[in-house]
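The lines below spell out each chain.
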Amino acid sequence: MIKNLLIRIILTALLIVWAIYPYITNTSDESVLAEIFKIGIVPSILIMGSFFVIVAFYCRTLQKCLTLIKPENRKAEPKSVWYMFAIPFNFVEDFFIVINIANSLDAEKKSNSKLNTVSDFGIVSGIGWCIAQILSFIPNIVGQIAGLIGMILVIYHWTQISKINNLLSSE
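Quick caveat, the model's predicted, so the values are computed rather than measured.

(A) A look at the packing of aromatic side chains. The final tally for this structure, using the stated rule, is seven aromatic pairs. Taking the centre distance of 6.0 Å and the plane angle of 35° together, the rings of Phe52 and Phe85 count as tilted. With Phe52 in helix α3 (residues 41-68) and Phe85 in the loop between α3 and α4 (90-109), the pair connects residues that are 33 residues apart, well separated along the chain. Judged by its relative accessible area of 33%, Phe52 falls in the partly exposed class. Judged by relative accessible area, Phe85 falls into the partly exposed class, the value being 31%. Judged by centre distance (5.1 Å) and plane angle (75°), the rings of Phe91 and Phe137 are edge-to-face.

Written as structure tokens, this is what we have:
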């Protein structure tokens, strides 16, 4: 448990250093935040606010998924998905959330025939959007492309989990 927490803290610290590096080296005009704020403060705040609302709906879908899984098959508590809002901890924690949900679904599949038709529990798309999210910190076109790919993958992951939720909640 302590080792796992230490890994999360170290990875989060490394990510923070990477994110603030452009400011330390006086290249902040190439940073992710600089790109966002080029459109102005008010539009940026509206975009970020909308983003957090979307993340809340995504978290609600993930929480429902874990709630629909038998407690003995869960690899994490349903409320743990809300760590996606624990900035900057979330950038590392998102990997664990996605992995825990996929592993929980895999465990549930062994005793729940409703999941027999599901071959993809979102591990590839989930890990993919987590990686793309981190790569989006690269302050150039690579970061922008990674951000776009991340958005596509999170939408795909969300739809996959929604379909699984429908399967699990059907009679």
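(B) Structural context of α3. Given a rise of 1.5 Å per residue, 28 residues ought to cover 40 Å, and the 41 Å separating the end C-alpha atoms of α3 matches this to within 8%. Along α3, the positions that sit buried rather than exposed are Ser44, Val55, Tyr58, Cys59, Thr61, Leu62, Cys65 and Leu66.

(C) Inspection of a nonpolar patch on the surface at higher detail. On the surface, a cluster of nonpolar side chains totalling about 450 Å² of accessible area is made up of Leu6, Ile7, Ile10, Leu11 and Leu14. Tracing the sequence through the fold places Leu6 in helix α1 (residues 2-24).

(D) Structural view of the side chain of Thr12. If you trace the backbone, Thr12 turns up in helix α1. Its relative accessible area of 7% is what places Thr12 among the buried residues.

(E) View of the pattern of salt bridges. Counting across every chain of the model gives one salt bridge. Among the ionic pairs, Glu108 bridges to Lys70, the shortest N-O distance being 3.3 Å. With Glu108 in helix α4 and Lys70 in the loop between α3 and α4, this residue pair connects regions lying 38 residues apart in the sequence.

(F) Summary view of the side chain of Glu108. Using a relative accessible area of 1% as the deciding quantity, one classes Glu108 as buried. Leaving out residues up to four positions away in the same chain, Glu108 has contacts with Leu68, Ile69, Lys70, Asn73, Leu115 and Leu168.

(G) Inspection of the nonpolar core at higher detail. Counting residues in each nonpolar core, the largest one holds 27 residues, and the members touching the most others are Leu62, Met84, Ile101, Leu105 and Ile164. Looking at this core, the elements with two or more residues in it are α3, α4, α5 (123-135) and α6 (141-169). Among the elements that take part in this core, α4 stands out by supplying seven residues, more than any other. Excluding its chain neighbours within four sequence positions, the residues that come into contact with Leu62 are Val81, Met84, Ile97, Ile101, His157 and Ile161.

(H) Representation of the environment of Leu105 within the structure. Relative to the helices and strands, Leu105 is located in helix α4. Remark: the alpha-carbon pair of Leu105 and Leu68, spanning 37 residues in sequence, is separated by 9.7 Å.

Cut-offs applied
Residues numbered from 1 in each chain as written. Predicted model: local features only at pLDDT ≥ 70, side-chain atom pairs only at ≥ 80, totals over all residues. Heavy atoms only, no water. Phe/Tyr/Trp six-rings, centres within 6.5 Å; stacked < 30°, edge-to-face > 60°. Helix = DSSP H or I, 4+ residues; strand = E, 2+ residues; numbered from the N terminus. Buried < 20%, exposed > 50% of the residue type's maximum accessible area, 1.4 Å probe, protein only. Expected span 1.5 Å × (residues − 1). Patch = residues over 30% accessible without salt bridge, like charges linked within 9 Å, V, L, I, M, F, W, Y side chains within 5 Å. Areas by Shrake-Rupley, 256 points an atom, 1.4 Å probe, with all protein chains shown as cover. Salt bridge = Lys/Arg side-chain N within 4 Å of Asp/Glu carboxyl O. Contact = heavy atoms within 4.5 Å. Core = buried A, V, L, I, M, F, W, Y, C linked by side-chain atoms within 4.5 Å.

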